[in-house]
Amino acid sequence: MSFNSIGFLIFLPVTVIVNYILPHKARWVWLLAASYFFYMSWEPKMAALIFAVTLVAYLGGLAAGYFRDKKGSPKGAGASAAIACVLCLAALIFFKYFGFLMENVNRLIALGGGEALSIPDILLPVGISFFTFQAIGYVIDVARGKIAAEKHFGYFTLFVSFFPQLVAGPIERADALLPQLKTEHKLKKENIYNGLGLIIVGFFKKIAVADMLAGPVNAIFDDPEKAGSGLAALGAAMFAVQIFCDFSGYTDIAKGSAELLGIRLSKNFDKPYAAVSINDFWRRWHISLSGWFREYIYFPLGGSRRGEFRTCINLMVVFLVSGLWHGAAWHFVAWGVLHGLFCVIDRLTLKPRNRFWEKLKVKPDGAAILTVRRILTFLVVCFLWIFFRASNIAEAWNVIKVIFSFKAGSAEGIFTSVAAAVVAAASTAVLLLIDSGRVELSLPMSESALKNNKGVRKLISPAAIVIMTWTVIWAWLFLSSTSAGSAFIYFQF
């Protein structure tokens, strides 16, 4: 069941209404049942996988907590956590990477003239990378003594499978989400207002922008030679907008759905295309994943505490893993490694750059310099998105060659609908206003509600919600009539 489906528009209000009707003690049972129903709507048998990961993490957490608190044995806690993490990662590796590993083994066998091994067709469970990382993070936190082991299996199962963020994040920390799941939340106007506002914005991003841009982006990447240099470059920029609106749109709907239940999910985006460097970009893009890598890979490797060379190696390891996390293919590895290289370059050249600006008596944080840095960073990010969007390294290289060939092309078959192009362009302009902070989108609230809820944003005009809602409806109908709608991009991870 995807967020952009009729089924979800029925599922969500029913889940919210029944949740508030039930007594507090019974709500976790209802939300757990709803979450498993939501996940099983894709592939019922995969419920066994998420339950197995949950059980392993739960038992691993109990064992780690027992050794740390009762026995006073950090080593025992670490060993328990390590076993649980290995088992969880084994499931992730089998379902997501086994085919990729076998393909590369067959390439090596072919070089030696041997006969290729048969590769079984393994179904990739939706969201496996997200709920596996969330479970692993919990076990490690227990072993470190940061949180106590959760003894209530029901609440822990709900923590791993909570439907709004189950298949594409944000990746939540146990100390942030578990207490909220246990708290009795009363139906409040501000939660309904803010939740519906986020959901509308999310649908607007996904349907009116991302799905509208998907058609021309697909056409350009399918045949970059026909598109020519200019349109190929435009395709990379359009994909940058598409994937942002697709992924952040999902996050907005997830946060809004959780908000309706009185639960606040963590922030996952912070104006990523306003970044002034690649390092800054990763502080703004997919924040929950970046935080996970920093906490559970970068810091254990030594972070920046062991000299510049080791810091650069640690960064490269993190981004190599990040590339693999996004997909079992070499073009994702290349995407991650290239991001790592730019982060290393940015780090190594930071001090020389600052000294250069000091000699020129120019403030490095001045408006003009920051504007140039934002433009350059955006261009680099767009260039690297080519590797992410392409089906393989060869296709990515082909798009890059076309861009730098400076050859004219044809727009025939790319922009098939003028109306769709206009809607996508206008919607993108609206999002730029939102991203700049000049327009804040949520439903209107009373002054007293705003004073009591500092995190709630006020809408400058109710008309904006009406316009966005009708835009989403029109775009949805258009996409349905042309079969051009698409699943959220990050569902595949």
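Residues numbered from 1 in each chain as written. Predicted model: local features only at pLDDT ≥ 70, side-chain atom pairs only at ≥ 80, totals over all residues. Heavy atoms only, no water.

A. Quick peek at the overall build of the protein chain. Along the protein chain, the regular secondary structure elements total 19 helices and 0 strands. For the protein chain, buried positions account for 52% of its 493 residues. Put simply, of all contacts in the protein chain between residues at least 6 apart along the chain, 74% involve residues at least 24 apart. For the protein chain, the exposed area adds up to about 22700 Å²; of that, 67% sits on carbon and sulfur atoms. (Helix = DSSP H or I, 4+ residues; strand = E, 2+ residues; numbered from the N terminus. Buried < 20%, exposed > 50% of the residue type's maximum accessible area, 1.4 Å probe, protein only. Contact = heavy atoms within 4.5 Å. Areas by Shrake-Rupley, 256 points an atom, 1.4 Å probe, with all protein chains shown as cover.)

B. Representation of the side chain of S322 within the structure. Residue placement: S322 occurs in helix α12 (residues 308–326). With near-sequence residues (within four places) excluded, S322 lies in contact with W282, F293 and W335.

C. Structural context of the environment of L231. Within the secondary structure, L231 sits in helix α9 (residues 224–260). Look at L231 and you get buried, because its relative accessible area is 17%. Each C-alpha atom, one on L231 and one on I414, is 9.4 Å from the other, the two residues being 183 residues apart in sequence.

D. Main features of the nonpolar core. Core analysis: the largest hydrophobic core is formed by 127 residues, its most contacted members being W285 and W385. Take this core: its biggest share by element is 17 residues, from α9. (Core = buried A, V, L, I, M, F, W, Y, C linked by side-chain atoms within 4.5 Å.)

E. A look at the side chain of T157. With respect to the secondary-structure elements, T157 resides in helix α6 (residues 153–161). Owing to a relative accessible area of 3%, T157 belongs among the buried residues under this scheme. Contacts of T157, omitting those with residues within four sequence positions, involve L32, Y36 and T54.

F. Broad picture of the pattern of salt bridges. Summed over the entire model, instances satisfying the criterion amount to 12 salt bridges. Among the ionic pairs, K206 bridges to D211, the shortest N-O distance being 3.0 Å. Salt-bridge contacts for E259 lead to R264; the nearest nitrogen and oxygen are separated by 2.8 Å. Since its relative accessible area comes to 3%, E259 is described here as buried. One connected set of salt bridges, linked through shared partners, spans R144, K146 and E295. (Salt bridge = Lys/Arg side-chain N within 4 Å of Asp/Glu carboxyl O.)

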